[in-house]
Amino acid sequence: MPKAKGKNRRRKFGYNVNRKRLNRQSRKRAAPRIECSHIRHAWDGTKSVSQNLAEMGLAADPNKAIPIRKRQLPVMEMEVDGQDKGKRVVKKPYVLDELEYEASLPEKKSETLSRDLIDYVQYMVRNHGENYKAMACDEKNYYQDTPKQIKGKISVYKRFYPEEFQAFLASLQQVKMDQQ
């Protein structure tokens, strides 16, 4: 069987490739992507991780930031030349401010129920009221939910949409009053 043409050619060194740029690009691609946009924009690629985080006022090692105190006899600390030892200067305080602001925002309520489940619950309540055994025997109970499962689905609907559920019950009461 013949070989594929050009497969057994010896690899030659590419003299016209900029090795410095190639190495820098591969290092940049290999570095992990920082998810937090505030930290990513303030990041300096020429500095180390601990230097970058110290400039932002963040801790690289939580054990060093808040050390665990060992039980010792109280020792008097003396100031040297009127300066405190280990005082760090935060060069990029805006990163810390942005992170605190973002953390203080209320969390979005992203939980919702499917339209099918809402329609199912409304149908069951409309036709059977609070009779969960009759709901379990209903022909629309396709998934053969037990009375407790149906009760759980109705309670989830009440918890997610309390105002909508109250409005739904009020409309049911209105319909019953009109029929009588």
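A quick note: this is a predicted structure, and the numbers were derived from the prediction, not measured. (Residues numbered from 1 in each chain as written. Predicted model: local features only at pLDDT ≥ 70, side-chain atom pairs only at ≥ 80, totals over all residues. Heavy atoms only, no water.)

Asks: Would you mind going over the environment of Asp 145 with me for this structure?
Replies: Positionally, Asp 145 belongs in the loop between helix H7 (132–137) and helix H8 (147–160). Measuring from C-alpha to C-alpha, the distance between Asp 145 and Met 135 comes to 8.8 Å, with ten residues separating the pair along the chain. In this view, Asp 145 contacts Tyr 120, Ala 136, Ile 150 and Lys 153; residues no more than four positions away in its chain are not counted. For Asp 145, the side chain forms a polar contact with the side chain of Tyr 120, separated by 3.4 Å. There is a polar contact of 2.7 Å between the side chain of Asp 145 and the side chain of Lys 153. (Helix = DSSP H or I, 4+ residues; strand = E, 2+ residues; numbered from the N terminus. Contact = heavy atoms within 4.5 Å. Polar contact = N/O pair within 3.5 Å; in protein donor to acceptor, adjacent residues only side chain to side chain.)

Asks: Looking at this model, I keep getting lost on the packing of H8 against helix H9 (residues 162–179). Mind explaining?
Replies: Two measures define how a pair of helices packs: the angle their axes make with one another and the distance between the axes. Axis separation between H8 and H9 bottoms out at 5 Å; the angle between their running directions is 110 degrees. With respect to each other, H8 and H9 are oriented roughly perpendicular. Counting all contacts with H8, which are made through Tyr 157, Lys 158, Arg 159 and Phe 160, the residues of H9 involved are Pro 162, Glu 164 and Phe 165. Residues belonging to the contact of H8 with H9 are distributed by class as follows: four nonpolar, no polar and three charged. (Axes fitted to C-alpha atoms, helices over the stretch in contact; angles between N-to-C directions. Parallel < 35°, antiparallel > 145°, perpendicular 65-115°, else oblique. Nonpolar A, V, L, I, M, F, W, Y, C, P; charged D, E, K, R; others polar.)

Asks: Would you take a moment to explain the layout of surface pockets for this structure?
Replies: Taken as a whole, the largest pocket encloses approximately 480 Å³ of empty space. Arg 24, Arg 27, Lys 28, Ala 31, Pro 32, Arg 33, Ile 34, Arg 40, Trp 43 and Gly 45 together form the lining of the largest pocket. With three residues, helix H1 (residues 19–30) is the single largest residue contributor to the lining of the largest pocket. For the second largest pocket, the calculated volume is near 320 Å³. What lines the second largest pocket is simply Ser 50, Leu 53, Ala 54, Gly 57, Leu 58, Ala 59, Ala 60, Asp 61, Lys 64, Ala 65, Arg 88 and Val 90. No other element matches helix H3 (residues 49–56), which puts three residues into the lining of the second largest pocket. By residue class, the composition of the lining of the second largest pocket is seven nonpolar, two polar and three charged. (1 Å grid on protein atoms, 1.4 Å probe; cavity = no way out; pocket = protein on both sides within 12 Å on 5 of 7 lines; lining within 4 Å. Points joined across faces, edges and corners; volume = space filled by probe spheres on them.)

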